[in-house]
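Observations on chain architecture
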Number of protein chains: 2
Amino acid sequence: MSAGSGTREDLLGRVFLARVIEPGDEVGGRWVRELGVEEVVRRLRTGAPALPGVSAERWAGLVARAGRAEPERDLDAAREAGTRFVCPGDAEWPGQLDDLGDGRPTGLWVRGRPGLRMWALRSVAVVGARACTEYGAHVAASLASGLAERGWVVVSGGAYGIDGAAHRGALAAGGATVAVLACGVDRPYPRGHTALINRIAEQGLVVGELPPGDHPTPSRFILRNRVIAALTRGTVVVEAACRSGSLATARAARRLGRFTMGVPGPVTSALSAGVHELLRAEALLVTDAAEVVELVGDIGELAPPRRGPVLPLDLLHPAARQVLAALPGGRAADVDEIARDARTTRDDAIARLYELRALGYVERHGDGWKLTRQALTSVRTGRGTS
Amino acid sequence: MSAGSGTREDLLGRVFLARVIEPGDEVGGRWVRELGVEEVVRRLRTGAPALPGVSAERWAGLVARAGRAEPERDLDAAREAGTRFVCPGDAEWPGQLDDLGDGRPTGLWVRGRPGLRMWALRSVAVVGARACTEYGAHVAASLASGLAERGWVVVSGGAYGIDGAAHRGALAAGGATVAVLACGVDRPYPRGHTALINRIAEQGLVVGELPPGDHPTPSRFILRNRVIAALTRGTVVVEAACRSGSLATARAARRLGRFTMGVPGPVTSALSAGVHELLRAEALLVTDAAEVVELVGDIGELAPPRRGPVLPLDLLHPAARQVLAALPGGRAADVDEIARDARTTRDDAIARLYELRALGYVERHGDGWKLTRQALTSVRTGRGTS
């Protein structure tokens, strides 16, 4: 009936839908679930028969938007800007986004080398006020550094204030970070964060639902928050006034069964009042990265890892296997050494190391990286047979 | 077998035991429970037969202390200093102290006009670090003021730092406060708080287990904390480093089924680290007096009072009845006006108003006091018949 997922038709259909249907539109999500991408595209293109659940006026608006959509051109433009479109069913699709039900993104535009799926497996959102205090910026940065040092990926929204401090803290620790934008990933927003967001795209990932060139709007910011919440194992709010948008991210995390955490601050600060409200109602109090990891990590996270790699060696991306082979057997190595031995760039090495971390092959060790005990055996075996 | 509680013999026996047995000594508490005051006193005085559960050496020490005890003299000295000894079974004894089991105080030395039992019914402990920050002092003082303004009695330990700020905050709001000391109530400790503690004795209550002249010791501070915890409906820790003594008060409150609360602060402050630890484990986060009252108050505390007075008018102390009669029928009055009309001092009027508040007769209204709606009827009836 419809083109299978993973096909060129499905990809083009979803790029088309990302242009026509707004992020988080559950009516559109239901159409896709019930009729399939191909049929929904056909009806939007031809204008008839109208799909259920929308007014005639709204339907006409959607059909008009559909008339202007050029998915081939979107894909070409994106490819030139180093951006790919990741769809449900793709190997890189983060399965946890399916928890959003009919509000699940049609697909995600992704800028950056690392695989989104692997990174998202061990990620935590650090979000908060744009107009944060020095205290909040300091706490967000050290929290993010601490998470990165423990091998966790820091996800945030790329905004001024807490978001920016969190991204910078992760980058400063040579760690992994993902910015989820409420606009096209080719047009960094806010403009003052252009350099930061480009650096995240170099060393990490910049992700968004909106097609190239699209602008953020207030409702797009709010709907972006659900992606941050769904992508991660938990959300930490660092500073937030009452009724702040980052509280919505935390509540979305809660509804999705993710951990909802808050960092307290002075009760005399209006920018901690929202966090305190959250802590009183539904969030867990955390004061540093170790406490966050204790919650979101697997049981025994603080103890030496007990589980072996979760993905067979021969299913690894060749570039990841190359980095894995560059890790010395009995000691930790720093990123530069690993990158040199793997004949790749520092940024690529970091990206691959975090993927390998998510799979249980490697672990952070002080400033460096080393093979996990259980990985040692399989890597040696793997080297012999691959 | 033993002199009944409330008799002169029981009083003298308990004053004697307060000299001989250390606060919180559960072995001594068990002797009293199993054998009665009279028999325990007799054995300690005569030295034989030895009571169970202590070494021969420790028994000899207790008998030696017993030989030096002069309960009549203690009582006389206390009376001269305006201090009374309140025993289990007395009308003024706060029944909730019985929750301490065999660790229940033998009795309490009390300095000040108000009735301890009534005040303790609507009391909250505000405790914390001695070496507090300006932030902590500010928060403790405004929390205590806010509690006082809502008709709650603020209990603390009279120490430097948070304790002192809490007492001062309550006094500054014209409110009620109780200092529970770890030494004789006639010798204020710390010495630098002599003026403050004397002022508390004028306007509120100074309470302690230790007989006149006794010094505080480290273990006495710790055991004093259990009295603070047991006396109150809940304990709020404002600032505390890890392993601080005020955390022990909070944990004692928790064990006793009282509310355990903590005020968060910057995660960068070592003096909030203990509170955050407590909040993560077992305490409720509060940021102001309204939130404390919401927890410790009766259901509907924030709504207009729905219950009538809990004590018939003719059981009220005559001085309390006089103050009650001085309250105008249809409006709030300030303390000075009430004191004038009741022909008493301002301090006495405050003490009585808090007693009447605990009984449901009056309520705070802005800076003044007024009759509760339900009280209006019974007071009018009462006036007619008393």
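Criteria and cut-off values
- Residues numbered from 1 in each chain as written.
- Chains lettered and ligands numbered in written order.
- Predicted model: local features only at pLDDT ≥ 70, side-chain atom pairs only at ≥ 80, totals over all residues.
- Helix = DSSP H or I, 4+ residues; strand = E, 2+ residues; numbered from the N terminus.
- Buried ≥ 20, exposed ≤ 12 C-beta atoms within 10 Å, placed from the backbone.
- Pairing = 2+ DSSP bridges.
- Right-handed = clockwise from strand over helix to strand, strands pointing away.
- Least-squares fit on C-alpha atoms with pLDDT ≥ 70 in both.
- Contact = placed C-beta atoms within 7 Å.
- Nonpolar A, V, L, I, M, F, W, Y, C, P; charged D, E, K, R; others polar.

This brings us to the overall build of chain A. Per the secondary structure count, chain A includes 17 helices and 11 strands. Dimensions of chain A, computed from the C-alpha atoms along their principal axes, are close to 65 × 60 × 35 Å. Looking at chain A as a whole, 54% of its 386 residues are labelled buried.

The subject of this paragraph is the pairing of strand β5 (residues 177-181) of chain B. All names here are of chain B. The buried count for β5 comes to 5 of 5 residues, which makes it a mostly enclosed element. Residues T177, A179 and L181 line one face of β5 and the alternating positions V178 and V180 line the opposite face, and both faces are buried. Here strand β4 (residues 153-156) pairs with β5 via 3 bridges, running parallel. Bridged to S156 within β5 is A179. A crossover connection joins β4 to the parallel β5 through helix α8 (residues 162-172); in handedness this β-α-β unit is right-handed. Across 4 bridges, the pairing between β5 and strand β6 (residues 205-208) is parallel. Directly across from V180, in β6, lies its bridge partner V207. Handedness of the β5-helix α9 (residues 194-203)-β6 crossover: right-handed.

Bringing the relation of the copies chain A and chain B into the picture now. Screw-axis analysis of chain A against chain B gives a translation of 0.1 Å along the axis, an RMSD of 0.1 Å, and a rotation angle of 180°. Each copy turns onto its partner about a two-fold axis. When each C-alpha of chain A is compared by its distance to the rotation axis, A:G265 comes out closest, at 2.3 Å. The share of interface residues of chain A whose copies in chain B are also at the interface is 100%, consistent with both copies meeting through the same surface.

Right, let's talk about the interface of chain A and chain B for a bit. In this complex, chain A contributes 14 residues to the contact, which on the side of chain B involves 14 residues. Those elements giving two or more residues to the side of chain A that touches chain B turn out to be α7 (134-149) and α12 (270-281) of chain A. No other element matches α12(A), which puts 3 residues into the side of chain A that touches chain B. When the residues that make up the side of chain A that touches chain B are grouped by side-chain class, the tally is 8 nonpolar, 4 polar and 2 charged.

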